[in-house]
Amino acid sequence: MSDTKQVNTAKPKHKKLGEFFSTAICGNDILSSALYVSGIAALFAGVYAPLVLAAVCLVLYFYKSVYREVVETLPINGGAYNALLNATSKFTASIAGVMTVLSYVATAVISSKTAVEYLFKFLSELTGQKLLLDQLVTPTIILVLLGFALLVISGVKDSAKVAGGIFVIHILALLSFITVGLTYAVFKGSFFAQNILATATLVQSNDGLLRTLFLAFSASLLGVSGFESSANFVEEQEPGVFRKTLKNMLIGVLIFNPLISFVTLSVLPLAEVTAAKDFLLADASFKMLGLPYLGLISVNAFLVLCGAVLTSFIGVHGLATRMSLDSALPSILIKENKAKINSRIIITFFVLCSSILVITKGDLLSLAGVYTISFLGVMTMFAFGNLLLRKTRPLLKRPYKAPIILVILALSSTLLGMLGNSSIDIKNVFYFGIYFVPALFLVIAVLNKKEFLEVLLRALKPIEGTFLHSLIKRKRDKVASETLYVFIHHTGSLFEIVDYIHKNEVGLNIDFIHCQGDDWQKEEIEQALHWLQLTGVYTEFNLNFEYIDAQFNPETLHAFAKAKNVPMNKIFIGSIHDFHDFDYEELGGVRIIT
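None of these values were measured; they are calculated from a predicted model.

Trainee: What is the right way to read the pattern of salt bridges from this model?
Mentor: A side chain with one charge can pair with a side chain of the opposite charge if their charged atoms come near. In this structure the tally under the stated criterion is 19 salt bridges. Between Glu505 and Lys90 there is a salt bridge, and its shortest N-O distance comes to 3.0 Å. Remark: Lys90 occurs in helix α5 (residues 90-127) and Glu505 occurs in the loop between α20 (494-504) and β3 (509-514); sequence separation between them is 415 residues. In this pair, the class of Glu505 matches that of Lys90, namely buried. A salt bridge links Glu482 to Lys570, with the nearest nitrogen and oxygen atoms 2.9 Å apart. Of this pair, Glu482 sits in the loop between α19 (467-480) and β2 (483-487) while Lys570 sits in the loop between α22 (554-564) and β5 (571-573); the two residues are 88 residues apart in sequence, bridging distant segments of the chain. By sharing partners, the salt bridges in this structure join Arg68, Glu72 and Arg243 into a single network.

Structure, rendered in structure tokens:
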């Protein structure tokens, strides 16, 4: 049962992104919302829209602390999924993963739709063929989605330099829009006073100011889309950059969204603002400086929104790959092509995007409702994960700890937003459920695939020996033969470890690894494992022990994974404490389970 090995250590190197390029990648995502959230806010709140969008920034302020604590404690890609995976059960983490995938779906569809709407607005003014172009909107959106699917499958990935270029152009375009708009309102006259009167009628139709602001706040939370994107590539960022991206995104949203909303309400009557919600900045720019400026704003919108589409494809590829490797999604999805891309994930994602576009008939409010519910669900679960992490991993090394009041306010605000979006149109919940419920059942089936296969085998017992029975038996045996590796320092959490694996994993082989330490610790662990098997509590497991003559550190873990030829996410450890002279980010994505 005992085996002593000497491990050669070699720490891998990884090139990191600085503050500007990291901010550019996630900034393109969140600031692209400026192209459509102003119209949605005005539709519900009229002239109160700028104030509502400023209030939404308060939610971002709450979540800045929530994300900073969790991600700096567990700085690995995956956002809410990985946070919950290391704080609680795999099922809970998988719910967050499914909701993140749905938010990626809605992001890709909303961004591609809005990009096409902006482009077609310019082309209709240029050619006068509005009726023809209107008929081509949905087919063109599907072509845009297909184009990016093929690009990603071929191996074309998001470039930090390209993202940086788009980001600078987008910032300049938004600054020019605000400057031109304010100048136009001063010298040509403002519609804001007229829109105040129109808003009074809107408030009355919404049964009062409080309900009007609540609905507007809920719908306008679409403007926080992209805030989690930085957490999904934190491993590619230099140390200390993540918190700066959160601050920069908050500043960007606080400056641009309320100001753009104020400009559009000053340049256009409220009726025109709500009618042009899909391409609001295009209508306003055409009125201010005519066709050339419309072309400039429309091309910028098309570029930055297409960048958000590409980010969605790449983001879902990384998340779905990780979930498949963790046995939370079907392993059939992970079959790499020559470009090292799991094309089946991309194809599935394209089909999901196209189907939701057809089901909602491309209606922006329906798409926004689906997206806002799923994205707010992800953020809510992230705040929930923060609280869980405090309870389940109290001794985990934390570079920063968010004030508990901010975590509670963050959680409450997004829960309130989900409730508001559900009340705006119950169909939003229906559209969300069409995709969420089947995906959830799929996750349940995959997480319990060993039990599911055993039920099938019992049902097929009358035809034992046939090809079908043998095929399912081989599949069951392959699933059960998986080995999981647990680095253990003492016996105090032994039962807890085995219980966690019993509830969350499918493999029946567990190798416990103990690094350099006192001989009595080694003997104590071996005796405890022997006792655990004698108790008969977990007789299905094959428990093994291995001793490594090396210190427990990142180099040892990386060398061990290489020697065993196993991914880092199949290696489990306990919490990293303050007395360790390394941080979790150096461990390469191992799982914390105690």
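Having put the structure on the table, let's press on.
Trainee: Sorry if this is basic, but what is going on with the nonpolar core here?
Mentor: Note that soluble globular proteins tend to have their nonpolar side chains buried in a common cluster. Grouped together as the largest cluster of nonpolar side chains are 174 residues, with contacts concentrated most on Tyr67 and Ile571. The element that contributes the greatest number of residues to this core is α5, accounting for 18 residues. Every residue in contact with Ile571, bar those within four places of it in the chain, is listed here: Tyr485, Phe487, Leu557, Phe560, Ala561, Val566, Val590 and Arg591. Core analysis: the next-biggest nonpolar cluster, separate from the first, contains 23 residues, Val498, Leu532, Phe572 and Ile593 among them.

Trainee: Can you help me understand the pairing of β3 in this one?
Mentor: Every other side chain in a regular strand lies on the same face of the sheet, so the side chains alternate between the two faces. Of all six residues in β3, six are buried, a share of seventy percent or more. Burial along β3 is two-sided: Asn509, Asp511 and Ile513 facing one way and Ile510, Phe512 and His514 facing the other are all buried. Since β2 and β3 lie parallel, the crossover through α20 that links them has a hand, and here it is right-handed. Sheet analysis places β3 next to strand β4 (residues 542-548), joined by six bridges and oriented parallel. Bridging from a neighbouring strand, Phe512 pairs with Phe545 of β4.

Trainee: Hey, could you run me through the packing of helix α13 (residues 291-325) against helix α14 (residues 343-359) in this one?
Mentor: The axes of two packed helices give the description: the angle between them and the distance between them. Two numbers describe how α13 lies on α14: the axes approach to 10 Å, and their chain directions differ by 125°. The angle between the axes of α13 and α14 places the two elements in the oblique class. In terms of crossing hand, the pair formed by α13 and α14 is right-handed. Residue-level inspection shows Ser312, Phe313, Val316, His317, Ala320 and Thr321 of α13 in contact with α14, the latter providing Ile345, Ile346, Phe349 and Phe350. When its residues are assigned to classes, the contact of α13 with α14 shows seven nonpolar, three polar and no charged.

Trainee: Can you help me understand the side chain of Ser374 in this one?
Mentor: Tracing the backbone shows Ser374 in helix α15 (residues 364-392). Apart from residues lying up to four places away in sequence, Ser374 is in contact with Met99, Leu102, Ser103 and Phe432.

Trainee: Help me understand α19 in this model?
Mentor: The periodicity of an α-helix, 3.6 residues per turn, causes residues three or four positions apart to be oriented the same way. In this model α19 runs 20 Å from its N-terminal to its C-terminal C-alpha over 14 residues, within 8% of the 20 Å that 1.5 Å per residue would give. When α19 is considered as a whole, its buried residues turn out to be His469, Ile472, Arg476, Val479 and Ala480. Taken down its axis, α19 places every buried residue within 95° of arc, on the same side. Along α19, exposed side chains directed more than 90 degrees from the buried face belong to Phe467 and Lys478. Contacts made by the buried residues of α19 are with α18 (449-459) and β3.

Trainee: Any chance you could explain the packing of helix α1 (residues 19-31) against helix α7 (residues 160-188) here in plain terms?
Mentor: Between α1 and α7, the least distance of the axes is 8 Å, while the angle of their chain directions is 55°. With respect to their mutual orientation, α1 and α7 come out oblique. The two elements α1 and α7 meet at a crossing, and its hand is left-handed. Facing α1, whose interface residues are Phe20, Phe21, Thr23, Ala24, Ile25, Gly27, Asn28 and Leu31, α7 presents Ala160, Lys161, Ala163, Gly164, Ile166, Phe167, Val168, His170 and Ile171. Here the residues of the contact of α1 with α7 sort into eleven nonpolar, five polar and one charged.

Criteria and cut-off values
Residues numbered from 1 in each chain as written. Predicted model: local features only at pLDDT ≥ 70, side-chain atom pairs only at ≥ 80, totals over all residues. Heavy atoms only, no water. Salt bridge = Lys/Arg side-chain N within 4 Å of Asp/Glu carboxyl O. Helix = DSSP H or I, 4+ residues; strand = E, 2+ residues; numbered from the N terminus. Buried < 20%, exposed > 50% of the residue type's maximum accessible area, 1.4 Å probe, protein only. Core = buried A, V, L, I, M, F, W, Y, C linked by side-chain atoms within 4.5 Å. Contact = heavy atoms within 4.5 Å. Right-handed = clockwise from strand over helix to strand, strands pointing away. Pairing = 2+ DSSP bridges. Axes fitted to C-alpha atoms, helices over the stretch in contact; angles between N-to-C directions. Parallel < 35°, antiparallel > 145°, perpendicular 65-115°, else oblique. Left-handed = near helix turned anticlockwise from the far one by under 90°. Nonpolar A, V, L, I, M, F, W, Y, C, P; charged D, E, K, R; others polar. Expected span 1.5 Å × (residues − 1). Arc of directions from axis to C-beta.

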